[in-house]
Amino acid sequence: MLLPGALVTFLLILFALGLVLFLAFRGNDGSLLGVGLTVGNFVTVATDPLYWTVTLRSLVIAGLVTLATVVTAYPVAYYLAFHAGRRRGLLLFLVTLPFWTSYLLRVFAWKIVLAYNGVLNSALIESGIWSEPTLAFLNTPAAVVVTLAHAYAPFAILPIYVALDTIPKSLLEAASDLGARPFTAFRRVVLPNSMPGVLAAALVVFVPTVGDYVTPAMVGGPASTMIGTLIQSQFGKANDWPFGAALSVCVMLVILVVVLVARGADRRFGSRT
Amino acid sequence: MKAEQADTKRDGSWLGLYVLAYLVFLYLPVLLIPLFSFNDSIQAAFPLQGLTLQWYQTLYGNPALSGALLNSLVIAVIAASGATLCGITVSYMDLYGRSPLAATISAIARLPILIPGVIVGISLLILVNLIGLGPSRVAIVLGHILVALPTTVVVMRSRFAAIPRTVREAALDLGASDWTTFRRVMLPLSLPAVLSAFMLAFLISFDEFIVVFFLAGTEPTLPLYIWSQLRFPRSLPTVMALGTVILAVSFIIAGTAEILRHRGLGAARRNPA
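From a predicted model like this one, the values you see are computed outputs, not experimental measurements.

Peer 1: Quick question: what am I supposed to make of the overall build of chain B here?
Peer 2: Scanning chain B from terminus to terminus reveals 12 helices and zero strands. Going from the N terminus to the C terminus, chain B shows its helices and strands as α-α-α-α-α-α-α-α-α-α-α-α. Counting only C-alpha atoms and orienting by the principal axes, one finds that chain B spans roughly 70 × 70 × 30 Å. Looking at the 273 residues of chain B, the share that counts as buried comes to 52%. Long-range contacts, defined as pairs at least 24 residues apart, comprise 71% of the intrachain contacts of chain B with a sequence gap of at least 6. Of the roughly 12800 Å² of accessible surface on chain B, 68% is carried by carbon and sulfur atoms.

Pasting the structure below:
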C-alpha cells in the first residue's frame, strides 16, 4: 500500500528537489543538466546588487503581506472561536470559500479595482470625491501587498482559529476569577496560547508569497519585481537554468531559516504555558 | 458577573461588525467579476452601461477555450484521483502501519506546503525533461498531484484518526486481514472524506496556475488560457464572463465538499469510542 505514496514522495519531491540543488552547482552551457561543478551562480547572487535588492524586496513584501494577513485575520479567528455560536460553521465556510476559487481571477479582480480606468477611480470620480483618476493605485508594491493579503486570508484564519478553539474555556474563567480584566486575560492567556496557530499561519502565508510572480506581474509594475519573477525568467527568457536553480536554492534557504525561527519561537511559547 | 457578560457581549458585537467588514473585503473584489460580466462596455468601470449577455455568447463556439476547458477537466480528474489515492494510502499507513518509513513518507508528502509554487514548477520541469517526457499533460498531472497531496493527506488523516480504534481492532479480532479491514471497514467509513479530498484536489488542480506555467506543452489548461487572454484589453469582458462561470462552479463544488465533510464528521460523532 505504500507504493503510490512512496513513488510520489521520493521521486517527485525528494529527487526533483535534489535535481534543483545539483543544477545550482553547474555551469550553464545550454544543456539540460549544465556542465562542470561551480559555485559561480551563488557568487553572482551574493555579489550582484540587483539580486540583493530583489531578494530584500521579496522578503519585505512577503513579510508585510504576512503581517497584514495575520493581524487582520486574528480578530476574525477570535470571533469564530469565542463569539460565533451557531453561525460558526457557516462563517468558517464563508471565509474559506474564496480560497477554492481561482487565484488568477482574484488577482485579476484587484487589477479591475485598482486600474487607472478602474472601479476605485471611477467610483471616486462618480461620487465627486476626486475630480481626476489617479495612477497611484496600480503598479505599486502596496497593490501587491493588498492583493496578496486578500488572496491568502483563508490560509491565516484557519490555523489561528484551530489554535484558539483548542484553548480550554476554563483557562479564561480562571483568569477572570483571579481578577484579570478581559484585556489582561487576552494578553497573558489567549495570545500566548494561540501563538502556535499564529506562527503556522505566518508560515503558510509567507512561503507561497515570497516566491510569487503572478501578482507582481499583474498589479505590481516594475518597482515590485520579486525573486519568483527572476527565477521564472531564468527558466524562460534568460534560459540560464543553473542560475535559476541557484536562486531557488537561496529562496529555499531563506524559507528554511524562517521555518527554524518559527519553530524556535513555537517552542519558547510552548514552554511558557 | 453581569457586568462581565455585558462586556463580552459588547466586544462580541464590535468584533461581529469587524467580521462583516472583513467578509465584504473578501467578497467585494471577487463579486465585481460577475457584475462587470453583464456590463455592456469593454471598460470595467462605473457607471455601469447597459445589461448584456454578449460576453457569454462569445464563450460559445470558441475552440481554444473549449480545448483548454477539456484539458483542464481531464487533468484535474486524473490528478485528483492520483492525489486522493496517495492521500488515502499515505495517511492510512502513517496511522496504522507503524513503520518509520510510512511516517517519513507522510511527513514528506506534506512538505510541498513549504515549497513555493515556482520552485515546485521548475524542479518538476527539470525532472520531466530528464526522463524525456518534457512539458506535457503528463507533466502537469504529476505537478498537480504534488500540489494537491498535502491537502488530501491532511483531510484523510484527520478522518482516519476520527474513526475509533476499537472499530479496526474488532474487525481484526474477528479474523479480517489488514487488507480486508481496510477495504471493508475503514474505507467505507471514510467515504465522505474520500469524496471531499477528491473534490478539493480537483479544485486545486483546476485552478492551479503557478506550477502549470512551467509544465504545459502545446495544450494549455484553463488558467493558462485566461492568462494569455489577460494581455488583450478587448478580451477582458469575455474573461469576466468565463470567470463568472468558473466562480459559480467552484462555489458549488466547494460547498458540496464541505457538506460531505460534515456528514463524515457527523457519522464519526454518532459512533463514539
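Still more ground to cover, so stick around.
Peer 1: Help me understand the interface of chain A and chain B, please; the structure alone is not making it clear to me.
Peer 2: A common way to express how large an interface is: the accessible area buried when the components associate. On the chain B side, the residues contacting the 77 residues of chain A number 81 residues. Roughly 7000 Å² is buried in total at the junction of chain A and chain B, and carbon and sulfur atoms are behind 85% of that figure. Summed over the shared surface of chain A and chain B, the result is zero salt bridges. Where chain A touches chain B, the interface holds six residue pairs in polar contact (both at pLDDT 80 or more). In terms of residue count, the dominant contributor to the side of chain A that touches chain B is helix 1 (residues 3–24) of chain A (16 residues). Of the residues that constitute the side of chain A that touches chain B, the class distribution is 59 nonpolar, 15 polar and three charged.

Peer 1: Whenever I open this one, the confidence of the model for chain B confuses me. Can you help?
Peer 2: A low pLDDT score tells you not to read the predicted coordinates there in detail. When pLDDT is averaged along chain B, the result is 85, and 91% of the positions lie at 70 or above. Note on residues 1–7 of chain B: pLDDT is under 50 here. Beyond four places in sequence and across chains, it has two contacts.

Peer 1: Explain the side chain of Ser-194 of chain A to me, please; I cannot follow it from the model alone.
Peer 2: All names here are of chain A. Checked against the element boundaries, Ser-194 lands in helix 10 (residues 182–210). For Ser-194, a relative accessible area of 0% translates into the label buried. Of note is the side chain of Ser-194, whose polar atom sits 3.0 Å from the backbone oxygen of Leu-191.

Peer 1: Can you walk me through the nonpolar core in this structure?
Peer 2: Generally speaking, soluble globular proteins have nonpolar side chains that are buried together. Counting 179 residues, the largest nonpolar core has Leu-80, Phe-108 and Leu-164 of chain A together with Phe-160 and Leu-215 of chain B as its most contacted members. Top contributing element to this core by residue count: helix 3 (residues 49–82) of chain A, with 15 residues. When neighbours within four sequence positions are excluded, Leu-215 of chain B is seen to be in contact with Gly-121, Leu-124, Leu-125, Val-128, Pro-135, Ser-136, Ala-139, Ile-140 and Gly-143 of chain B.

Peer 1: Quick question: what am I supposed to make of the pattern of salt bridges here?
Peer 2: Working definition: two side chains of opposite charge can pair if their charged atoms are close together. Residues and elements named next belong to chain B. Per the counting criterion, the structure on display carries five salt bridges over all chains. For Arg-157, the salt bridge is made with Asp-94, and the minimal N-O distance between the two is 2.8 Å. A residue pair is termed long-range when its members are at least 10 positions apart, and Arg-157 in helix 6 (residues 137–162) and Asp-94 in helix 3 (residues 63–96) qualify at 63 residues. You can call Asp-94 buried: its relative accessible area is 16%. A network of salt bridges, in which partner residues are shared, links Asp-94, Arg-110 and Arg-157.

Peer 1: Explain helix 7 (residues 141–151) of chain A to me, please; I cannot follow it from the model alone.
Peer 2: Each α-helix winds once per 3.6 residues, and so residues spaced three or four apart point in a common direction. Counted residue by residue, helix 7 of chain A has eight buried out of 11 residues, so it is predominantly covered. Considered for burial, the residues of helix 7 of chain A that qualify are Ala-143, Val-144, Val-145, Thr-147, Leu-148, Ala-149, His-150 and Ala-151 of chain A.

Peer 1: Help me out: how do you make sense of the packing of aromatic side chains in this one?
Peer 2: Centre-to-centre distance and the angle between the planes together describe a pair of aromatic rings. Summed over all chains, the structure comprises 25 aromatic pairs over all chains. Centre to centre, the rings of Tyr-51 of chain A and Phe-243 of chain A are 5.0 Å apart; their planes meet at 65°, and the pair counts as edge-to-face. Taken together, the residues Tyr-51 of chain A in helix 3 and Phe-243 of chain A in helix 13 (residues 241–272) connect sequence positions 192 residues apart. With a centroid separation of 6.5 Å and an interplanar angle of 85°, the aromatic rings of Phe-213 of chain B and Trp-227 of chain B are classed as edge-to-face. Note that Phe-213 of chain B is positioned in helix 10 (residues 212–215) and Trp-227 of chain B in helix 11 (residues 222–229), a separation of 14 residues in sequence. Owing to a relative accessible area of 27%, Phe-213 of chain B belongs among the partly exposed residues under this scheme. Among the aromatic residues, ring-to-ring pairing joins Tyr-74, Tyr-78, Phe-82, Phe-183 and Phe-186 of chain A into one connected group.

Peer 1: Is there a simple way to explain the environment of Val-146 of chain A in this structure?
Peer 2: As for its position among the elements, Val-146 of chain A is in helix 7. The sequence separation of Val-146 of chain A and Val-45 of chain A amounts to 101 residues, and the corresponding C-alpha distance is 29 Å. Leaving out residues up to four positions away in the same chain, Val-146 of chain A has contacts with Trp-110 of chain A together with Phe-25 of chain B.

Procedures and definitions
- Within every chain, residues take consecutive numbers counted from 1 along the sequence as written.
- Labels follow written order: the first chain is A, the first ligand is 1, and so on.
- With pLDDT at 70 or above as the cut-off, local features in this predicted model cover only qualifying residues; side-chain atom pairs require 80 or more to be listed or tallied, and sums for whole chains, interfaces and linings still use all residues.
- By convention in this description, side-chain values take in all heavy atoms of the structure and omit both hydrogens and water.
- The helix and strand labels rest on DSSP assignments: H or I over at least four residues marks a helix, E over at least two residues marks a strand, and numbering proceeds from the N terminus.
- Any residue under 20% of the maximum accessible area for its type is buried, any over 50% is exposed, and the rest in between are partly exposed; the area is computed with a 1.4 Å probe on protein chains only.
- Any two residues whose heavy atoms approach within 4.5 Å are treated as being in contact.
- To measure how exposed things are, a 1.4 Å probe is used in the Shrake-Rupley method; for residues, cover is taken only from the protein chains shown.
- What counts as buried area is the accessible surface, traced by a 1.4 Å probe, that two parts surrender upon association, with contributions from both included.
- We define a salt bridge as a side-chain nitrogen of Lys or Arg found within 4 Å of a carboxyl oxygen belonging to Asp or Glu.
- A 3.5 Å cut-off defines polar contacts: any pair of N or O atoms within that distance qualifies, except that in protein one atom must be a possible hydrogen donor and the other a possible acceptor, and neighbouring residues in sequence count only when both atoms are side-chain atoms.
- Each residue receives one of three labels: charged for Asp, Glu, Lys and Arg, nonpolar for Ala, Val, Leu, Ile, Met, Phe, Trp, Tyr, Cys and Pro, and polar for the others, Gly being one of them.
- Per-residue confidence from the prediction method is given by pLDDT, with values spanning 0 to 100.
- Definition of nonpolar core: a set of buried residues of the types Ala, Val, Leu, Ile, Met, Phe, Trp, Tyr and Cys, connected through side-chain atoms within 4.5 Å.
- Classification of ring pairs rests on two measures: the distance between centres of Phe, Tyr or Trp rings, Trp counted by its six-membered ring, which must be within 6.5 Å, and the angle between planes, read as stacked under 30 degrees, edge-to-face over 60 and tilted in between.

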